[in-house]
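Structural features, examined
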Amino acid sequence: MKQFLAALLLVTSLTVNAQAVIYSELTPAYFLTLEDGATFNDQIDDQPYEFKVVNRKSEKGVKVKVGSSWKKHGAYHQFFSGTLKKTTRYKLGTRDGKEETYRSGTDNLFKTTDWLDGKKEGVETSYHKNGNKSQEVSYSSDQKHGEAHWYDSDGSLSTERQYENNVQHGLMKHYDKGRPTHTQMFTNGKGGKTNWAK
């Protein structure tokens, strides 16, 4: 009976104002009053699924029953020593959406990664301890593709690179406190002559 009431409360809280739940936006605070292991039914893309609440010290989120397995779905939060370590968004067990990784013991971002259907797609950004960006790398189908930038801790640009299908290809530029110092052309991962700025 207790589990039935918890599930009823959960379904009621998930459908307040007859709004569909956006599972990818659920925050850790959402799970404070929910019982670990409580189950409920809902839909994903108009298909019915059984859901289960995960509300533990080390992880918070929901799982969906797919066949005989429980798969993570929506925003899934992992904790270390009581501090949020990572939030990953899933669709039926596959990474899909933005993933945020935090520095140990802090709420400072270490890295954000965009995922689409289990592959890196978009920009992965890493951060220095002071919060400034340390690098931005573009991905397509889980491979580095396009521009990549590295930054010093003061925020000034230090390096620009180009990638094609996970191989460095194109002009690489180096900077010192934002001032160009030298360039080097790469072709299919092989670097050519370094050209120093005058």
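In this report, we go over the structure that sits alongside the text. (Residues numbered from 1 in each chain as written. Predicted model: local features only at pLDDT ≥ 70, side-chain atom pairs only at ≥ 80, totals over all residues. Heavy atoms only, no water.)

With that settled, consider the pairing of strand β7 (residues 97-102). Of the pairings in the sheet, the one linking strand β5 (residues 83-91) to β7 comprises two bridges and is antiparallel in character. Pairing of T87 across the sheet is with E100, part of β7. Alignment of β7 against strand β8 (residues 109-116), held across six bridges, turns out to be antiparallel. Within β8, the residue paired with T101 across the bridge is K111. Counted between consecutive antiparallel strands, the loop separating β7 from β8 contains six residues, among which G105 sits at a positive phi close to 75°. (Pairing = 2+ DSSP bridges. Helix = DSSP H or I, 4+ residues; strand = E, 2+ residues; numbered from the N terminus.)

Time to look at the packing of aromatic side chains. Applying the stated criterion across every chain yields a total of four aromatic pairs. Look at Y23 and F51: their rings are 5.0 Å apart centre to centre, the planes differ by 20°, and that puts the pair in the stacked class. One end of the pair, Y23, is in the loop between α1 (2-14) and β1 (39-44); the other, F51, is in strand β2 (residues 47-55), and 28 residues separate them in sequence. We note that Y23, like F51, is buried. With a centroid separation of 5.5 Å and an interplanar angle of 80°, the aromatic rings of Y30 and F31 are classed as edge-to-face. (Phe/Tyr/Trp six-rings, centres within 6.5 Å; stacked < 30°, edge-to-face > 60°. Buried < 20%, exposed > 50% of the residue type's maximum accessible area, 1.4 Å probe, protein only.)

Scanning all chains against the criterion turns up 10 salt bridges. Note that K177 is salt-bridged to D154, the shortest N-O span being 3.6 Å. Remark: D154 occurs in the loop between β11 (143-151) and β12 (157-164) and K177 occurs in the loop between β14 (170-176) and β15 (179-187); sequence separation between them is 23 residues. Taking the relative accessible area as the measure of exposure, K177 reaches 55% and is therefore exposed. Among the salt bridges present, the one from D176 reaches R179, with a minimum N-O distance of 3.6 Å. With a relative accessible area of 36%, D176 lands in the partly exposed category. On the accessibility criterion, R179 (54% relative accessible area) is exposed. Through salt bridges that share partners, D36, R56 and E59 make up one connected network. (Salt bridge = Lys/Arg side-chain N within 4 Å of Asp/Glu carboxyl O.)

Here is the key point about a regular strand: its side chains alternate between the two faces of the sheet. Relative to strand β4 (residues 69-80), strand β3 (residues 59-66) runs antiparallel, the two being bridged by seven bridges. Across the sheet, the residue bridging to V66 is S69, located in β4. Remark: two residues form the turn of the hairpin made by β3 and β4, two consecutive strands paired antiparallel; G67 in that turn has positive phi of roughly 65°. Looking at chain direction, β4 and β5 are connected through seven bridges and run antiparallel.

Moving on, we get to the nonpolar core. Counting residues in hydrophobic clusters, the biggest one holds 12 residues: V21, Y23, L26, F31, L34, A38, F40, I44, F51, V53, V62 and V64. For this core, the secondary structure elements donating two or more residues are β1, β2 and β3. (Core = buried A, V, L, I, M, F, W, Y, C linked by side-chain atoms within 4.5 Å.)

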